[in-house]
Amino acid sequence: MVAVNLIRMSDAPFRLVIVDCQKNRGKGIAYGSYSDRHLLNVPCGKMSAFPDDPDHFLNWTLQQPDYQGIDRSLLAGAFVPRNVYGAYLKDLWHEARMAAQGKKIVLEEVDDQVVDLDKTVNGFALQLVGRPGVHADLCVLATGNQLPVDPRVANMSYASDERYFRNPWCKKAVEHADSSHPVLILGNGLTMVDTVLGLLEHHHKGRIIALSPNGFNILPHRHPGLQYSALSREISATTTLNELVGLFNRHIKQIRRLGISAEPLVDSVRHMSQQLWQQFSLEEKRKFLARIRHLWGVARHRIPLHLHDKLQQLRIDGQLTTIAGRITDINPTDAHLLVRFWDVRAGQSKTLEVSRIINCTGPQTDIDKMEQGVLKNAQTKGLITQDDLKLGIEVCPSTLNVLDSGGQPVPALFTLGNNLKGLFWESTAVNELRSQAKNLAQHLLRGM
Ligand SMILES: Cc1cc2nc3c(=O)[nH]c(=O)nc-3n(C[C@H](O)[C@H](O)[C@H](O)COP(=O)(O)OP(=O)(O)OC[C@H]3O[C@@H](n4cnc5c(N)ncnc54)[C@H](O)[C@@H]3O)c2cc1C
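Residues numbered from 1 in each chain as written. Predicted model: local features only at pLDDT ≥ 70, side-chain atom pairs only at ≥ 80, totals over all residues. Heavy atoms only, no water.

A. Seen up close, the site of the ligand. Around the ligand sit 26 residues, and of these Asp 20, Tyr 31, Asn 41, Val 114 and Thr 428 come closest. The side chain of Asp 20 places a nitrogen or oxygen atom 2.9 Å from an oxygen atom of the ligand. Side-chain polar atom of Gln 22 to an oxygen atom of the ligand: 3.4 Å apart, as the coordinates give it. In isolation the ligand exposes 990 Å². Once the protein is present, 84% of that is buried. Elements with a contribution of two residues or more to the shell around the ligand: β1 (15-20), α2 (28-31) and α15 (430-446). The element best represented in the shell around the ligand is α2, accounting for four residues. The residue inventory of the shell around the ligand, partitioned by class, reads 15 nonpolar, eight polar and three charged. (Near = heavy atom within 4 Å. Polar contact = N/O pair within 3.5 Å; in protein donor to acceptor, adjacent residues only side chain to side chain. Areas by Shrake-Rupley, 256 points an atom, 1.4 Å probe, with all protein chains shown as cover. Helix = DSSP H or I, 4+ residues; strand = E, 2+ residues; numbered from the N terminus. Nonpolar A, V, L, I, M, F, W, Y, C, P; charged D, E, K, R; others polar.)

Printed below as a string of structure tokens:
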């Protein structure tokens, strides 16, 4: 979307090089799913790629053969497959390519991986795996979602076992699962739901166990359209985390009396979440991550009601079990993977024999824990710095200009999206990405 905006807004020719190591160019992990059962977790009417054209995706979807004739307001509130959004992004890219030709913008799309980055006198030299490097006057790190981190146990041999799937978003993770032992899913959020659906689609008949530190069950979108404003009116630029928790508790008590659960409260401060995160002290952020993050995540990341019903039925049928626990050991044997974990509710150590493990714990953000690659190398050279909580990369908030290890802006190096979680907390959904992409493109064009 940075590239699309650059092309849309530019009125002079320039050269634009996009290097991407994934086949699903433009769709990424999120919108190039192996299954049409994987749905957006945001209604169609709120997924426009352009901040100043809020109905853009809705209008596009209504023109697609599968959705023509569907009631507009119904579709606006519906959760369509993520692959539909992938097709939308492809379409936007196709249009942008055409526009680039008309504007004499030279477009190069390179299928490769950037492994290193060096500062030169007038920009950056990017090193690729399979071909000569690229020189860029301006460089945007739009590296997005990283793979989850492998659980740390004494014997890490499981990590190279073919029954362990670190990448939960690939089809292989759900194909041909052996039903003689349960499948173990690490994590209990939206990717767990996708994985369960993927396993069922691939005819898995055996048990599925989802293990996470708290074992909270994912919630459905129960109150669509319900607007709550009393909480946000009480929040100010000086509200502390403790005060916020106090406010939440008071308001939850009030709405519970009316039979309504906490999710509308969380939704009502969605537009303020970046501001709230930025006004918290480092100590408060640490406290949030340690004590509130999981609860917040459950209330914030919900699934459509019909998917929730399906999961509930799987639980009732005994096919899906959720456990609150922490992995302490994983030992591959010929017949299965032997997993020891601390069962939080039972307060004792237990063992599971599972046929495979699928890691659905979410994208890794800590560069220290990533494999060798462009981010790690750039950090070693002091070109980029992690934030104190290791959630992302330090930038100047107004320009998204990356800060070096001395806290100084690195001219011409920018980042956005997942890499800004430390600064904004909410920085991965389309709601945030579309504004970041547009603002960054505007800023880059001013500097050309
Ligand atoms: C499974 C999933 C579902 C989601 N669903 C929703 C949703 O319903 N609604 C919503 O608002 N948000 C959703 N999100 C969040 C958000 O919209 C996505 O994360 C978004 O796709 C991020 O886009 P991106 O381009 O920043 O990163 P990505 O889509 O991850 O793309 C990054 C690209 O960079 C490439 N890359 C990385 N490193 C290198 C390198 N060194 N060299 C070359 N190429 C490299 C990767 O191959 C990849 O193609 C979802 C996220 C996930 C993971």
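On we go.
B. Representation of the sheet that holds strand β6 (residues 139-141). Reading across the sheet, the four strands line up as β6-β16-β15-β14 and stay open at both edges, with mixed pairing between neighbours. Two strands lie at the open edges of the sheet, namely β6 and β14 (395-396), each paired on one side alone. The sheet contact formed by strand β15 (residues 401-403) and strand β16 (residues 409-415) spans two bridges and is antiparallel. Residue Asn 401 lies in a different strand from β16, and its bridge partner there is Phe 414. (Pairing = 2+ DSSP bridges.)

C. Structural context of the pairing of strand β8 (residues 183-186). Residues of β8 alternate between two faces, with Val 183 and Ile 185 on one and Leu 184 and Leu 186 on the opposite face, all of them buried. In this structure, β8 lies alongside strand β9 (residues 208-212), joined through four bridges in parallel fashion. Opposite Leu 186, over in β9, you have Leu 211 as the bridge partner. With respect to chirality, the unit in which β8 leads through helix α6 (residues 190-201) into the neighbouring parallel β9 is right-handed. Examined bridge by bridge, β8 and strand β13 (residues 356-359) share four bridges and lie parallel to one another. When the sheet's bridge partners are listed, Ile 185 is paired in β13 with Ile 358. (Buried < 20%, exposed > 50% of the residue type's maximum accessible area, 1.4 Å probe, protein only. Right-handed = clockwise from strand over helix to strand, strands pointing away.)

D. Main features of the sheet that holds strand β3 (residues 114-120). Taken together, three strands build an open sheet; the order of strands is β3-β4-β5 and the sheet is antiparallel. Each edge of the open sheet is held by one strand with a lone partner, namely β3 and β5 (134-136). Here the average twist between neighbouring strands, direction ignored, is 25°. (Axes fitted to C-alpha atoms, helices over the stretch in contact; angles between N-to-C directions.)

E. Quick look at the environment of Phe 124. When you line up the elements, Phe 124 lands in strand β4 (residues 123-128). Residues Phe 124 and Pro 51, 73 residues apart in the sequence, show an inter-C-alpha distance of 30 Å. Apart from the residues within four sequence positions on either side, Phe 124 is in contact with Leu 117, Asp 118, Lys 119, Val 134, His 135, Ala 136, Cys 139, Leu 383, Val 410, Pro 411, Ala 412 and Leu 413. (Contact = heavy atoms within 4.5 Å.)

F. Spatial organisation of the nonpolar core. Of all hydrophobic cores here, the largest spans 64 residues; its most connected members are Phe 57, Tyr 85, Tyr 88, Leu 117, Phe 124, Ile 384 and Leu 413. A per-element tally of this core places helix α5 (residues 82-102) first, with eight residues. Residues in contact with Tyr 88, not counting those within four places in the same chain, are Met 47, Ser 48, Ala 49, Phe 50, His 56, Phe 57 and Trp 60. (Core = buried A, V, L, I, M, F, W, Y, C linked by side-chain atoms within 4.5 Å.)

G. Structural context of α5. For α5, with 21 residues, the first-to-last C-alpha span of 31 Å sits near the 30 Å given by 1.5 Å per residue. Remark: Lys 104 follows α5 within two positions and exhibits a positive phi of approximately 60°. (Expected span 1.5 Å × (residues − 1).)

H. Looking closely at the packing of aromatic side chains. Counting across every chain of the model gives 12 aromatic pairs. Ring geometry for Tyr 31 against Tyr 85: centres 4.7 Å apart, planes inclined by 55°, an arrangement best described as tilted. In this pair, Tyr 31 sits in helix α2 while Tyr 85 sits in helix α5, placing the two residues 54 residues apart along the sequence. Given the relative accessible area of 1%, Tyr 85 is considered buried. The rings of Tyr 31, Phe 57, Trp 60, Tyr 85 and Tyr 88 are connected pair by pair, giving a single aromatic cluster. In this structure, Arg 8 is placed above the aromatic ring of Phe 50, and the distance from its NZ or CZ to the ring centre is 3.9 Å. Here Lys 119 stacks its cationic end above the ring of Phe 124, 5.4 Å away from the centre of that ring. (Phe/Tyr/Trp six-rings, centres within 6.5 Å; stacked < 30°, edge-to-face > 60°. Lys NZ or Arg CZ within 6 Å of the ring centre and 35° of its normal.)

I. Geometry of the pattern of salt bridges. Scanning all chains against the criterion turns up 21 salt bridges. We note a salt bridge from Lys 438 to Asp 52, for which the minimum N-O separation is 2.7 Å. Of the two residues, Lys 438 sits in helix α15 while Asp 52 sits in the loop between α2 and α3 (56-62), which places them 386 residues apart along the sequence. According to the relative accessible area criterion, Lys 438 is buried, its value standing at 18%. Note that Glu 371 and Arg 166 form a salt bridge whose closest N and O atoms lie 2.8 Å from each other. Linking Glu 371 in the loop between β13 and α13 (374-380) with Arg 166 in the loop between β7 (164-165) and β8, this pair joins segments that are 205 residues apart in sequence. Within the structure, one salt-bridge network assembled from shared partners comprises Arg 270, Arg 300, Glu 426 and Glu 432. (Salt bridge = Lys/Arg side-chain N within 4 Å of Asp/Glu carboxyl O.)

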